[in-house]
Amino acid sequence: MQILDGKALAQKIEKNVASEVVKLKENTGRTPGLAVILVGQDPASAAYVNMKKKACDRVGFYSVTHEMPEDISQEAIENTITMMNQNPNIDGILVQLPLPPQIDTTKILELVDPSKDVDGFHPYNVGRLVTNLDGFVPCTPLGVMELLAEYNIDVKGKNCCVVGASNIVGKPMASLLLNTDATVEICHIFTDDLKKHTLQADIIFVGVGVINLIKEDMLKEDAIIIDIGINRTENGKLVGDVDFENVAPKCSYITPVPGGVGPMTIAMLLSNTLKAAKLHADKNA
Ligand code: NAD
């Protein structure tokens, strides 16, 4: 069994991004800029935003966080996004989800300029991903693909079972796999007999948010396990969706939590923002 070390790869990617930032500044005078919109006081969201801001600082990006109260109006968020769309110093706009119930999230995500949509949530970029055209791809599944590539794991023709079908994890994960010629199955909360599906898989990708959902009797010998879930146990320990201790000995490769997919998500946010900055620099050249 080999660990897929997302932390190490994320550090390598960060280094590359940092040196690309130096080059971009030298060649165009441009510093990549990321604007984050954080609504409310959810501690997990605040922690993620803080991690993203620190990562931006490490690679030399300009970043700004717009913190807004829980009872903010739709109009106020929309005005901020419109401002960020027009701001030439901002290359990427990230709206930390979830937004409070009074807010129409779809409308907010649709307002982000697709060329600044570094989270890849705008329907324009979703469409480009599904049709296998270049665009912005959601950071978590993109990070998974990078991690597989780093370890020379070729998904072509492999049976891939994606467990979880959200717009930000499962669906884009499935599209990326399909675009690289994998055979893809998507399971979700209404899937009957999950085990029947996971047992067929060469690679299981699980992003659900249920501790110990994937147990050792649910995978075939030497399967590859990608654990995208992030959960906290009652004792505050960070764990994924996989019963790591019992599953790991049966796998050929597995991602740990923490230190697997999580750091790759942040690394991909940096690389998407750099990509946006280069696009904007080319446009203005
Ligand atoms: P979500 O709630 O939007 O979607 C959950 C999906 O899991 C749904 O498709 C649902 O049908 C499915 N599901 C729920 N219970 C199930 C079950 N018992 N069996 C099979 N499928 C089931 O969640 P999300 O935003 O996609 O996040 C999923 C997990 O991934 C969470 O743990 C989240 O913290 C984590 N996550 C991690 C990263 C990262 O960087 N590693 C990024 C985003 C989300």
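Predicted, not measured: the structure shown is a model, and the values here were computed from it.

J.: What exactly am I supposed to notice about the site of the ligand here?
T.: Inspection of the region around the ligand gives 20 residues, with Ala165, Ser166, Ile189, Ile228 and Thr265 positioned closest. In the environment of the ligand, an oxygen atom lies 2.5 Å from a nitrogen or oxygen atom belonging to the side chain of Ser166. The contact in question runs from a nitrogen atom of the ligand to an N or O atom on the backbone of Ile228, over 3.2 Å. Coverage of the ligand by the protein amounts to 71% of the 860 Å² it exposes when considered alone. Split by residue class, the shell around the ligand holds 10 nonpolar, 10 polar and no charged.

J.: Would you explain the packing of aromatic side chains in this entry?
T.: Describing an aromatic ring pair means giving the distance of the ring centres and the angle of the ring planes. Enumeration according to the criterion identifies 1 aromatic pair in this entry. With a centroid separation of 6.4 Å and an interplanar angle of 70°, the aromatic rings of Tyr151 and Tyr253 are classed as edge-to-face. Placement of Tyr151 in the loop between helix H6 (139–150) and strand E5 (159–163) and of Tyr253 in strand E11 (residues 253–254) is noted, with a sequence separation of 102 residues between them.

J.: Would you explain the sheet that holds strand E6 (residues 183–187) in this entry?
T.: Note on sheets: strands pair through backbone hydrogen bonds, and any given pair is parallel or antiparallel. Judged by pairing direction, the sheet is parallel, and its 6 strands sit side by side in the order E1-E11-E8-E7-E5-E6 without closing on themselves. With partners counted over all chains shown, the strands left at the sheet margins are strand E1 (2–3) and E6, one partner each. Direction of pairing for strand E7 (residues 203–206) relative to strand E8 (residues 224–227): parallel, over a ladder of 4 bridges. Its bridge partner lying in E8, Ile203 is registered against Ile224. Running over the sheet, helix H7 (residues 170–179) touches E5, E6 and E7 and is turned about 170° from E5.

J.: Would you mind showing me how to read the pattern of salt bridges here?
T.: Close approach of charged atoms allows side chains of opposite charge to pair. All told, the structure shown has 10 salt bridges when counted by the stated rule. With a shortest N-O distance of 2.6 Å, Arg30 and Asp91 are connected by a salt bridge. Here the residue Arg30 occupies a position in the loop between helix H1 (6–28) and strand E2 (33–39), and Asp91 occupies one in the loop between helix H3 (74–86) and strand E4 (92–95), the gap between them amounting to 61 residues. Asp91 matches Arg30 in its accessibility class, with the two residues each being buried. Residue Asp134 is joined to Lys275 by a salt bridge in which the shortest nitrogen-to-oxygen separation is 2.8 Å. Residue Asp134 is located in the loop between helix H5 (123–130) and H6, and its partner Lys275 is located in helix H10 (residues 261–284); the two are separated by 141 residues in the primary sequence. On the accessibility criterion, Asp134 (57% relative accessible area) is exposed. Each of the salt bridges in this network shares a partner with another, and the network as a whole consists of Glu20, Lys23 and Lys278.

J.: What is the right way to look at the sheet that holds E4 in this model?
T.: One open sheet accounts for 3 strands, arranged E3-E2-E4; its pairing is parallel. In this open sheet, the two strands that pair with only one neighbour each are strand E3 (62–68) and E4. Pairs of neighbouring strands in the sheet enclose a mean axial angle of 15°, with direction left out of account. Strand direction decides the pairing type here: E2 and E4, joined by 4 bridges, are parallel. Looking at the pairing, Leu34 lines up with Gly92 of E4.

What counts and what doesn't
Residues numbered from 1 in each chain as written. Predicted model: local features only at pLDDT ≥ 70, side-chain atom pairs only at ≥ 80, totals over all residues. Heavy atoms only, no water. Near = heavy atom within 4 Å. Polar contact = N/O pair within 3.5 Å; in protein donor to acceptor, adjacent residues only side chain to side chain. Areas by Shrake-Rupley, 256 points an atom, 1.4 Å probe, with all protein chains shown as cover. Nonpolar A, V, L, I, M, F, W, Y, C, P; charged D, E, K, R; others polar. Phe/Tyr/Trp six-rings, centres within 6.5 Å; stacked < 30°, edge-to-face > 60°. Helix = DSSP H or I, 4+ residues; strand = E, 2+ residues; numbered from the N terminus. Pairing = 2+ DSSP bridges. Contact = heavy atoms within 4.5 Å. Axes fitted to C-alpha atoms, helices over the stretch in contact; angles between N-to-C directions. Salt bridge = Lys/Arg side-chain N within 4 Å of Asp/Glu carboxyl O. Buried < 20%, exposed > 50% of the residue type's maximum accessible area, 1.4 Å probe, protein only.

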